[in-house]
Amino acid sequence: MLPFNLTSLTPATFILAGIPGMEESHIWISIPFCSMYLAALLGNGVLLFVIRTERSLHQPMYLFLSMLAIADLMLSTTTVPKMLALFWFSAGEISFGACLTQMFFLHFSFSAESVILLAMAFDRFVAICHPLRYTAVLTPSALVKTGLVALLRSFCIIFPCIFLLKRLPFCGHNIIPHTYCEHMGIARLACADISINILYGLAVPFAAVVVDVVLIAVSYVLILLALFRLPSRTARHKAFNTCSSHICVILLFYIPAFFTVLTHRFGQEIPHHIHILLANLYVLFPPLLNPVVYGVRTQQIKEKVVKMFICPKSHLLQE
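No experiment lies behind these values; they were computed from the predicted model shown. (Residues numbered from 1 in each chain as written. Predicted model: local features only at pLDDT ≥ 70, side-chain atom pairs only at ≥ 80, totals over all residues. Heavy atoms only, no water.)

J.: I'm lost on the state of the cysteines in this one. Help?
T.: Counting across every chain of the model gives 2 disulfides. Residue Cys99 pairs covalently with Cys181 via a disulfide, S to S 1.9 Å. Its S-S torsion of about -115 degrees marks the bond between Cys99 and Cys181 as left-handed, since a negative value means left-handed. In this pair, Cys99 sits in helix α3 (residues 96–129) while Cys181 sits in the loop between β5 (175–176) and α6 (183–187), placing the two residues 82 residues apart along the sequence. The same class applies to Cys99 as to Cys181, namely buried. (Disulfide = S-S within 2.5 Å. Helix = DSSP H or I, 4+ residues; strand = E, 2+ residues; numbered from the N terminus. Buried < 20%, exposed > 50% of the residue type's maximum accessible area, 1.4 Å probe, protein only.)

Pasting the structure below:
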């Protein structure tokens, strides 16, 4: 039997069970998961490298995109390596402290990414609705403050979850039917009332993200109204193209996230292995597809990638 702290009934380790009912398919499931993770690392790495090395991309929109890429890398790297170790080597054991750490950075990166998407919506709002004030509003100082707000808000919202979990007794229950540690998955193992965990876990982070979504929606309503007032059809088309990539990324991020959260809380009729699969895809799809969306739909990034990786000699000559 695993050792326990008798004073707090806190397990020394948890056991991640993987995807219940699909244990025999873990190896096969790991192949696309590993491929998506490696592609996400490559895509976000290339994006960060291109933005870092190209001075013409040192603009607020692309700097926000760099923040988004970092948040994506944190989201996937927090969960996928341990998930693959579980699938390949049955290494499901994780210490209590490591489990809480994984839980914190998982939810922290999600919250930070939500703030960054809001900042990107504000960037597009200023660029289209108040273009003459763009450089005065989105100064380097404003960008730094936005990054700090993303970090501080996420920390203040998620950090209390650690104490809400550490206060709970677990009475020997240490098997988590999941591939990674998350707040409610851990809390449900406790042999005590978890009403506070449910209330906080649903109300506070969820409410914060809903506020972000509402503000993003308001930004885009104002942007659409401004687009309809533009006299030139070409100008409207160009302005809409600058927003389309961001809209795609917003949908890729929020729709799976809300579906995962709501099914976890209210979707008891959904088979558990379906919920776990969707939760795994949630930490893989946005990091995988975000750089693809921006790389394909943003002309400046596409041109720089072609110059740097397909025609490196001509790029060096231009330098």
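J.: Even after reading the chapter, I still don't get the nonpolar core, so can you show me in this structure?
T.: General note: in soluble globular proteins, nonpolar side chains tend to be found buried as a group. If you look at the biggest cluster of nonpolar residues, it comprises 90 residues, and the most contacted ones within it are Phe14, Leu117, Ile186 and Val283. The element that contributes the greatest number of residues to this core is α3, accounting for 17 residues. Here Ile186 is in contact with Phe14, Cys99, Leu100, Met103, Leu165, Phe170, Ile176 and Cys181, once residues within four sequence places are set aside. (Core = buried A, V, L, I, M, F, W, Y, C linked by side-chain atoms within 4.5 Å. Contact = heavy atoms within 4.5 Å.)

J.: What is the right way to look at the side chain of Glu113 in this model?
T.: Relative to the assigned elements, Glu113 resides in helix α3. Buried and unpaired, Glu113 has no salt bridge, with Arg153 as the nearest side chain of opposite charge at 11 Å. Here Glu113 is in contact with Leu68, Ala71, Asp72, Leu75, Phe253 and Asn290, once residues within four sequence places are set aside. (Lys, Arg positive; Asp, Glu negative; His and termini not counted. Salt bridge = Lys/Arg side-chain N within 4 Å of Asp/Glu carboxyl O.)

J.: Help me understand the packing of α3 against helix α7 (residues 195–229), please; the structure alone is not making it clear to me.
T.: When two helices pack together, you describe them by how their axes are tilted relative to each other and by the distance separating the axes. Packing of α3 against α7 leaves a shortest axis separation of 9 Å and a crossing angle of 15 degrees. Looking at the two axes, α3 sits roughly parallel to α7. Crossing angle aside, the handedness with which α3 passes α7 is left-handed. Between α3, through Phe110, Ser114, Val115, Leu117, Leu118, Ala121, Arg124, Phe125, Ile128 and Cys129, and α7, the contact on the second element is made entirely by Val209, Asp212, Leu215, Ile216, Ser219, Tyr220, Leu222, Ile223, Ala226 and Leu227. (Axes fitted to C-alpha atoms, helices over the stretch in contact; angles between N-to-C directions. Parallel < 35°, antiparallel > 145°, perpendicular 65-115°, else oblique. Left-handed = near helix turned anticlockwise from the far one by under 90°.)

J.: I keep staring at the UniProt feature "transmembrane region" (unreviewed entry) in the chain and nothing clicks. Help me out?
T.: Following the UniProt record, one finds the feature "transmembrane region" (unreviewed entry) at residues 27–50, 62–80, 146–165, 209–228, 240–262 and 274–294. Along residues 209–228 one finds 100% helix and 0% strand; the C-alpha atoms at either end are 29 Å apart. (UniProt positions renumbered as here; feature names shortened; annotations may be inferred.)

J.: Can you help me understand helix α1 (residues 26–53) in this one?
T.: One turn of the α-helix equals 3.6 residues, which is why residues spaced by three or four share an orientation. Over its 28 residues, α1 runs 40 Å from end to end, which matches the ideal 40 Å to within 8%, given 1.5 Å per residue. Those residues of α1 lying buried are His26, Ile29, Ser30, Phe33, Cys34, Met36, Tyr37, Ala40, Asn44, Leu47, Val50 and Ile51. (Expected span 1.5 Å × (residues − 1).)

J.: Got a minute to help me understand a nonpolar patch on the surface in this structure?
T.: On the surface, a nonpolar cluster with roughly 450 Å² of combined accessible area is contributed by Val210, Val214, Val218, Val221, Leu222 and Leu225. For Val218, the position within the fold is in helix α7. Residue classification places Val218 among the partly exposed residues on the basis of a relative accessible area of 43%. (Patch = residues over 30% accessible without salt bridge, like charges linked within 9 Å, V, L, I, M, F, W, Y side chains within 5 Å. Areas by Shrake-Rupley, 256 points an atom, 1.4 Å probe, with all protein chains shown as cover.)

J.: Can you walk me through the confidence of the model for the chain in this structure?
T.: Predicted coordinates in areas of low pLDDT are best not read in detail. Averaged over all residues, the pLDDT of the chain equals 86, while 92% of them reach at least 70. pLDDT under 50 marks residues 1–7. Its contacts with residues more than four places away, or in other chains, come to 10 contacts. This model gives residues 315–319 a pLDDT under 50, and the stretch forms 4 contacts once residues within four places in sequence are excluded. (pLDDT = per-residue confidence, 0-100.)

J.: When you look at helix α10 (residues 285–297) in this model, what are you seeing that I'm missing?
T.: With 13 residues, α10 ought to run about 18 Å at 1.5 Å a step, and its terminal C-alpha atoms sit 17 Å apart, in line with that. All buried positions along α10 are accounted for by Pro286, Pro287, Leu288, Asn290, Pro291, Val293 and Tyr294.

J.: It is not clear to me how the packing of aromatic side chains should be interpreted in this structure. Could you clarify?
T.: For any pair of aromatic rings, the description rests on two quantities: the centre-to-centre distance and the angle between the ring planes. Taken as a whole, this structure holds 16 aromatic pairs when the rule is applied. Centre to centre, the rings of Trp88 and Phe89 are 6.2 Å apart; their planes meet at 80 degrees, and the pair counts as edge-to-face. Taking the centre distance of 4.9 Å and the plane angle of 25 degrees together, the rings of Phe110 and Phe253 count as stacked. Taken as a pair, Phe110 in helix α3 and Phe253 in helix α8 (residues 233–266) lie far apart in primary sequence, 143 residues in all. You can call Phe110 buried: its relative accessible area is 17%. (Phe/Tyr/Trp six-rings, centres within 6.5 Å; stacked < 30°, edge-to-face > 60°.)

J.: Any chance you could explain the sheet that holds strand β4 (residues 93–95) here in plain terms?
T.: Judged by pairing direction, the sheet is mixed, and its 3 strands sit side by side in the order β4-β3-β5 without closing on themselves. Both outer strands of the open sheet, β4 and β5, are each paired with one neighbouring strand and no more. As judged from the 2 bridges shared by strand β3 (residues 13–16) and β5, these two strands associate in the parallel manner. By the bridge assignment for β5, Leu16 is matched with Ile176. (Pairing = 2+ DSSP bridges.)

J.: Just to check I follow, could you spell out the environment of Gly43 for this structure?
T.: Mapping Gly43 onto the fold places it in helix α1. Residues Gly43 and Tyr282 lie 239 residues apart in sequence; the distance between their C-alpha atoms is 17 Å.

J.: Looking at this structure, I do not really get the pairing of β3. What am I missing?
T.: In regular strands, side chains alternate between the two faces of the sheet. Sheet analysis places β3 next to β4, joined by 3 bridges and oriented antiparallel. Opposite Phe14, over in β4, you have Ile94 as the bridge partner.

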